[in-house]
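Summary of the model geometry
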Amino acid sequence: MHTRQLSRKKTSVVGWSTIVMVVNMTVMACRELPSDSARCESLIPIGDPLSTPDLDSIVAASWARDSAIFVLDGQADIWLVPINSNGVQRVLRRGSGPKEIPSPRTVLTASKQGVVVADWSGAVVTLDSMGRMLDRFALAKPEKQAAVERRLLWIAADIQGRLYGYVPMERATAATTNLWRCDPQLTGCVIVLSAPQAMLVGASARPRADKAGIAVGIPKNSGQFVVRYDGHVAVVAAESLGVYVTTGSKALSRTVTLPRVDLPLADSDWESLVALDSVRAERAIKQGMEVAMASGAKLSAIPLGMRRVVRVADRPTQFPQIHESPAFQNTDGTIWIARGHAPGGAHRVEVFDLSRRTSCVIVPRGSRLVAVRREFVMAAIRDDDGVERLRRYVRR
């Protein structure tokens, strides 16, 4: 088995030593879970962590088949990891060659053809369940929608291989944010759901005008778009915690309301969030600059406020109701969505379908969900040396 050893001095991901320190500090000072979380199911580990390369981070993961999972790591490589055996292989790496993609940002399960790898520049690669490349393309667009796919943040794919995403900037600047569905095999993209800003961005986390730079230290009180494998879509509201689906007229109708989970945010929690926000902002700036420069933009054309990180002065008193991490599709049709929590701490995840709430699950501290399915869930766990590995859990 080919195993890549990452040098901490050479890693391209900014500040992972900071993340390790922050997570360790936060675990020691972990806040208590709300009392009603005692009714939630627990996650019990199965066996040892999977045999993987030394990954400094696991950015995204997606099922390949019953016995394997695709992993996008912090170095922008795609790995195919067997669940019950050795034989890890790198199936796609960052670059411009035939087995490469310029700047991958997510990997999504699409049952008909395996998985879809979406690129920051708008390129899309499809892989079969064995990691073999099936196709490479950029989505075709009508002129009036030109280049929207280059700005979309992809969040899901359905069983027909259609991609779903939204434009992140709309959440901060527009009265309405659209969820787009893009069909690689047909004519391009259409809007399948429109959500008002108040649903997706809670009042406590509305972005503040700050020309000095990208503000960090504001817990993202975010609503979430959710997509099932069958193509049904919904939005979970940040403040009301309602789950809204579209009716025949595309109006939004509430079908479920998630319970409130109030979790105090201490000074140590805030310091952890500031540190992690800073690392992520610096990485996003670096990736954005690379894409901009590759397209011919000059550094002077990029506003200084988009190239600098600044810390906000005000500390909130509670974690947001919904964590900023993406919602997960389960193969049984349910959606898993994390509640606000400290980095590295034990936390609660709501499990629901689009017509009723079904249950909740407690993710143990030091673990971070990366993929879920009917039989078990997959989580990333971090070693003391900063290496992340995959481990399976079952619900009890």
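In this report, the structure presented in the accompanying data block is examined. (Residues numbered from 1 in each chain as written. Predicted model: local features only at pLDDT ≥ 70, side-chain atom pairs only at ≥ 80, totals over all residues. Heavy atoms only, no water.)

Here the focus is the pairing of strand E5 (residues 89–94). Pairing geometry for strand E4 (residues 78–82) and E5, over three bridges, is antiparallel. Considered in E5, the bridge of leucine 80 is made with glutamine 89. Hairpin connection between E4 and E5: a loop of six residues separates the two successive antiparallel strands, and glycine 87 in this loop has a positive phi of roughly 105°. Here E5 pairs with strand E6 (residues 100–101) via two bridges, running parallel. (Pairing = 2+ DSSP bridges. Helix = DSSP H or I, 4+ residues; strand = E, 2+ residues; numbered from the N terminus.)

Here the structure, examined in full by the defined rule, presents 14 salt bridges. Here arginine 395 and glutamate 41 are joined by a salt bridge, their closest N and O atoms 2.6 Å apart. Within this pair, whereas arginine 395 is found in strand E27 (residues 388–395), its partner glutamate 41 is found in strand E1 (residues 41–46), the two being separated by 354 residues in sequence. You can call arginine 395 partly exposed: its relative accessible area is 28%. Here the salt bridges share partners, and the residues they tie into one network are Asp54, Asp383 and Arg389. (Salt bridge = Lys/Arg side-chain N within 4 Å of Asp/Glu carboxyl O. Buried < 20%, exposed > 50% of the residue type's maximum accessible area, 1.4 Å probe, protein only.)

As enumerated under the stated definition, the model contains three cavities of 30 Å³ or more in all. There is about 110 Å³ of room inside the largest cavity. Along its surface, the largest cavity is lined by 14 residues, and Pro219, Lys220, Leu273, Pro320 and Glu324 are the ones closest to its centre. (1 Å grid on protein atoms, 1.4 Å probe; cavity = no way out; pocket = protein on both sides within 12 Å on 5 of 7 lines; lining within 4 Å. Points joined across faces, edges and corners; volume = space filled by probe spheres on them.)

What follows concerns the sheet that holds strand E12 (residues 163–166). Pairing within the open sheet is antiparallel, and its four strands lie in the order E11-E12-E13-E14. The sheet is open, and its two borders are formed by strand E11 (153–157) and strand E14 (188–196), each paired with just one other strand. If you compare each strand with its neighbour and ignore which way they point, the axes differ by 25° on average. Two elements, E12 and strand E13 (residues 176–183), share three bridges in a ladder whose sense is antiparallel. When the bridges of E13 are listed, tyrosine 164 appears paired with arginine 181. (Axes fitted to C-alpha atoms, helices over the stretch in contact; angles between N-to-C directions.)

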